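Residue strings, one per chain:
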Amino acid sequence: MGAIPTQRETVSRASGAPAHTAEAHAQECARAHVTLLGSSLAPGAAREMVRAALADWAELGLPGTEQLTEHLAADALVVVSELVTNAVVHAGTDVEVGCRLEETGTLVVEATDHHPSRAPRSGDHETPHETPEYGRGLRLVAALSEAWGITYRPGTKTVWARLPAAGAETAEQVEAYAAGLGARRPGPAGTDLPGEGDGGPRCSGGPGVLGGPGVSGVPGVQEGEVPRDGQQALEGPPVLEAPVALEGPVASEGPTVPHGPESRSGGADRRDGTARDVRRGVRDREWLGRGALSFLAEASDLLAGQLDEDLVASLTGQLIVPRLADWCAVWLEDESLGRGAWSDDPGAAVGARLARVWHGSESHIEELRRALEKDPPRPRDPWRSGPAAHPWPGEALGPDGTHGAALAYRLVAGGRPLGTLVIGRTGTPGCPGFPDEITGLVEDLSRRVALAIGAARQYARQATISAVLQRGLLPGAVAEIPGVRSALVYEPCDKGGPSGDFYDLFPAGEGRWCFAVGDVQGKGPEAAVVIGLARPWLRLLAREEYGVPDVLDRLNQLLLDDATEAADAAARALVAVGPAVAPGDGPQTRFLSLLYGELVPFDGGVRCTIASAGHPLPLLLEPGGTVRTVAQPQTLLGVVEDAMYTSETFELRSGDTLLCVTDGVTERRSGSRQFDDGDGLAVALAGCAGLDAGLLAERIRRLVHEFGPRPPEDDLALLVLQAD
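## Observations concerning the overall build of the chain
Okay, so step 1: In terms of helices and strands, the chain carries 15 helices and 24 strands.
Okay, so step 2: In the chain, which comprises 724 residues, the proportion classed as buried is 51%.
Okay, so step 3: Long-range contacts, defined as pairs at least 24 residues apart, comprise 69% of the intrachain contacts of the chain with a sequence gap of at least 6.
Okay, so step 4: Summing over all exposed atoms, the chain offers an accessible surface of approximately 31,200 Å²; the carbon and sulfur share of this is 53%.

## Remarks on a negative patch on the surface
Okay, so step 1: A cluster of like negative charges, contributed by D561, E565, E641 and D642, occupies part of the molecular surface.
Okay, so step 2: Turning to its location among the elements, D561 is positioned in helix 12 (residues 548-577).
Okay, so step 3: According to the relative accessible area criterion, D561 is partly exposed, its value standing at 37%.

## A short note on the environment of V141
Okay, so step 1: Considering the arrangement of structural elements, one finds V141 in helix 5 (residues 138-144).
Okay, so step 2: Through-space distance from the C-alpha of V141 to that of V79 is 5.6 Å; in sequence the pair is 62 residues apart.

## Comments concerning the packing of helix 3 (residues 42-60) against helix 4 (residues 70-90)
Packed helices, taken two at a time, are described by their axes: the angle between them and the distance between them.
Okay, so step 1: Following both chains from N to C, one finds helix 3 and helix 4 inclined at 150°, their axes separated by 8 Å at the closest point. By the angle between their axes, helix 3 is roughly antiparallel relative to helix 4. Where helix 3 crosses over helix 4, the handedness of that crossing is right-handed. Counting all contacts with helix 3, which are made through A42, P43, A46, R47, V50, R51 and L54, the residues of helix 4 involved are A73, A76, L77, V80, S81, V84, T85 and V88.
Okay, so step 2: For the contact of helix 3 with helix 4, the per-class residue count stands at 11 nonpolar, 2 polar and 2 charged.

## Let's talk about the side chain of R701
Okay, so step 1: Counting through the fold element by element, R701 comes out in helix 15 (residues 693-707).
Okay, so step 2: Looking at R701, its side chain comes within polar contact range of the side chain of E491, at 3.3 Å.

## Some remarks on unusual backbone geometry
Okay, so step 1: Note that the residue after V321, namely P322, is joined by a cis bond; omega there is 5°.
Okay, so step 2: Assignment of secondary structure puts P322 in the loop between helix 8 (309-320) and strand 8 (327-333).
Okay, so step 3: Phi at E545 is positive, roughly 65°, even though this residue is not glycine.
Okay, so step 4: Note on placement: E545 falls in the loop between helix 11 (524-543) and helix 12.
Okay, so step 5: Residue classification places E545 among the partly exposed positions, given a relative accessible area of 48%.
Okay, so step 6: Despite not being glycine, D642 has its phi angle at roughly 60°, a positive value.
Okay, so step 7: Assignment of secondary structure puts D642 in the loop between strand 19 (627-629) and strand 20 (648-653).

## Re the sheet that holds strand 24 (residues 716-723)
Okay, so step 1: Taken in spatial order, the 5 strands of this open sheet run 13-24-21-18-19, and their pairing is antiparallel. The sheet is open, and its two borders are formed by strand 13 (484-491) and strand 19, each paired with just one other strand. Looking at each pair of strands side by side, their axes are set apart by 20° on average, direction ignored.
Okay, so step 2: Where strand 21 (residues 657-661) and strand 24 come together, 5 bridges link them in antiparallel fashion. Bridge assignment links T657 to a residue of strand 24, and that residue is Q722.
Okay, so step 3: Strand contacts of helix 15: strand 13, strand 18 (619-621), strand 21 and strand 24, with the helix running at about 25° to strand 13, the strand carrying the most contacts.

## A word on the confidence of the model for the chain
Okay, so step 1: Averaged over all residues, the pLDDT of the chain equals 74, while 68% of them reach at least 70.
Okay, so step 2: A low-confidence stretch, residues 169-269 stays under pLDDT 50, and its non-local contacts, those more than four residues away or across chains, total 269 contacts.
Okay, so step 3: A low-confidence stretch, residues 339-349 (pLDDT under 50), is modelled with 19 contacts involving residues beyond four sequence positions or located in other chains.

## Considering the pattern of salt bridges
Okay, so step 1: Taken as a whole and judged by the stated rule, the model has 23 salt bridges.
Okay, so step 2: A salt bridge links R701 to E491; its shortest N-O distance comes to 3.3 Å. Taken together, the residues R701 in helix 15 and E491 in strand 13 connect sequence positions 210 residues apart.
Okay, so step 3: For R512, the salt bridge is made with E598, and the minimal N-O distance between the two is 2.7 Å. Here the residue R512 occupies a position in strand 15 (residues 512-520), and E598 occupies one in strand 16 (residues 592-602), the gap between them amounting to 86 residues.
Okay, so step 4: When its relative accessible area of 11% is taken as the criterion, R512 is described as buried.
Okay, so step 5: Because the salt bridges share partners, they merge into one network encompassing R100, E102, E146 and R162.

## Topic: helix 9 (residues 365-374)
Okay, so step 1: When helix 9 is considered as a whole, its buried residues turn out to be I365, L368 and L372. Buried residues along helix 9 cover an arc of 65° about the axis, so they all sit on one side.
Okay, so step 2: Elements that come into contact with the buried residues of helix 9 comprise strand 8 and strand 9 (352-359).

## A few points about the nonpolar core
Okay, so step 1: V50, W57, L83, V84, V97 and L107 are the most contacted members of the largest nonpolar core, which totals 37 residues.
Okay, so step 2: At the level of secondary structure, the elements contributing two or more residues to this core comprise strand 2 (31-36), helix 3, helix 4, strand 3 (95-101), strand 4 (107-113), helix 5, strand 5 (147-153) and strand 6 (156-163).
Okay, so step 3: Examining the composition of this core, we find that 9 residues originate from one element, helix 4, more than from any other.
Okay, so step 4: Sequence-distant contacts of L83, that is, excluding residues within four places in its chain, are made with V109, A111, L138, V141 and V159.
Okay, so step 5: Counting 35 residues, the second largest nonpolar core, distinct from the first, contains L411, L421, V449 and A452.

## Points about the pairing of strand 24
Okay, so step 1: Among the 8 residues that make up strand 24, 8 are buried, leaving the element largely enclosed by the rest of the structure.
Okay, so step 2: Burial along strand 24 is two-sided: L716, L718, V720 and Q722 facing one way and A717, L719, L721 and A723 facing the other are all buried.
Okay, so step 3: The pairing of strand 13 with strand 24 spans 8 bridges and is classified as antiparallel. Pairing of R485 across the sheet is with Q722, part of strand 24.

Scoring rules and cut-offs
- Residues numbered from 1 in each chain as written.
- Predicted model: local features only at pLDDT ≥ 70, side-chain atom pairs only at ≥ 80, totals over all residues.
- Heavy atoms only, no water.
- Helix = DSSP H or I, 4+ residues; strand = E, 2+ residues; numbered from the N terminus.
- Buried < 20%, exposed > 50% of the residue type's maximum accessible area, 1.4 Å probe, protein only.
- Contact = heavy atoms within 4.5 Å.
- Areas by Shrake-Rupley, 256 points an atom, 1.4 Å probe, with all protein chains shown as cover.
- Patch = residues over 30% accessible without salt bridge, like charges linked within 9 Å, V, L, I, M, F, W, Y side chains within 5 Å.
- Salt bridge = Lys/Arg side-chain N within 4 Å of Asp/Glu carboxyl O.
- Lys, Arg positive; Asp, Glu negative; His and termini not counted.
- Charge placed at Lys NZ, Arg CZ, Asp CG, Glu CD.
- Axes fitted to C-alpha atoms, helices over the stretch in contact; angles between N-to-C directions.
- Parallel < 35°, antiparallel > 145°, perpendicular 65-115°, else oblique.
- Left-handed = near helix turned anticlockwise from the far one by under 90°.
- Nonpolar A, V, L, I, M, F, W, Y, C, P; charged D, E, K, R; others polar.
- Polar contact = N/O pair within 3.5 Å; in protein donor to acceptor, adjacent residues only side chain to side chain.
- Pairing = 2+ DSSP bridges.
- pLDDT = per-residue confidence, 0-100.
- Arc of directions from axis to C-beta.
- Core = buried A, V, L, I, M, F, W, Y, C linked by side-chain atoms within 4.5 Å.

Spelled out as structure tokens, the structure:
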């Protein structure tokens, strides 16, 4: 499917509207909005929307269009393309794209996706001479825009950028944008509180916080925006912000710390620093009274369920900066090195890596990272989670960051030290860097971060074990059979655990090849036990030249004997521990549905002997499009004692195709319907006449996925065997 717009809105001044009305609502009038499906065509559709909107606004002569230039329009197309590409690749959801033209000629571009747990890619690891498939990254957006940021809200994430008109004053544009969102203008010196509302502390002249009502009708510009370059805070409920720094010089409103040693005298610097510290203290107290509890609750929601420790570290930086600190860093400890990795000896190896560094200004991040890597935290008590002093990396922060305070918090969860969180705040000599309320709040946050890292590591361990186990339960390679093309589709439903479906295709000796497609009752460890028992026995019996029915007879008896032994062991355990046995701890029934066959190539075709034990029946597709079943239904393995199985033999001639599937295909649901209702699988297979094995397998897989509106809820496996 292409990037089909599901919603398109463009508002402009009607030709008959009074001029004064149009002027009063100019900012509302020049806006466009479209919702696109998350596909590779979405960036192109977004560019077309912006291009058409700019042309419409210019034709209508809306306020601000006189400032539009070809250069600004080209920048807007690049920015919207990068933002939408970022959303499609890293979120994979529908994307809401908005564009707005202000009276000053400034363009505001926004892209909103519905997967806020994935942080946008910054492009840090891109190679300088290649354009990766996910685009050029947000650094390009930062280079073209005067200000940009990210808004995290429940269920959505919006990345926005402001592109200034040629010759416009940056500070005035930022002020106009903040005013358009409902921000109060700064008051007299000494009374202006840029942190009013819920924005909390920020570095003067650095990132601020928006928290008020959004612009009516402009998607993605809502409360909770995290602006760049000194925008004022708004009133409104506290939300979760994640600032992104802008490279290069930044503009600011109100009193700021000067950038550059020659900008002011030392006395003026000290007076400005003192005034800044006073304002920051007021903002700290106001924000702590209003937003601290909601901040922790929203931080917990954002961190909960994250399954990657590096993503947890990244989100931690976004949570802390600029609300609670000017910068922060997260070290993650290598648990395999043990407690001995931490030492006070400066020359000792420290068992931690610097996973994330976050600063309100992107231009300081690399220098700060280098300085912190030279002096990692070495806590004397690895089990203490409270704050401890950390050396201030003043030289890495430029002339405005020569003084400040840094604190280190150990990340401990489940009795295990997992890493260290370090935060820093610029200040003046003799001024306390962090009030007690902030240090206590960060300590509470550090506990939540530690729990999230511990959960992510536990998941990673389980996923690794499951992956290793899964690889051991499935063949490392599928055998090649003379005169037969094969194709396989295998999609376990649970990516983090062993699947209940399995397959095999192997040589059995003396010109014979055998294949199997099976489905074990249940999933997880119980299924792994049965697969680990059945697949090696299939190979052993086949290589001992047992026929297809004999292999099923013996495998059935093997499963029954194994179940009896498991029941006896459970009974002995019950006698030993008493009658109190938890549900599910008793003996589990182990049965298996299996499609098993033997292939013997000969001149002109392949002789196939096959049997089905409680499994979906195999289908044979002839070159003319005729489809028929080639086996008879029989009892599941591991259920009936002394069951006798039979087999059918047929020949695969040139162009004939044999399709073997598990019930994840036939029982794929869409409401009350199943994929195989009314011989649906046979009908789908008949439509694949003329396709080779690989294309046929992919066609069936796609039809199964498209049958229902939601992803499949069962494991899926299918094997295609096609005679040359």
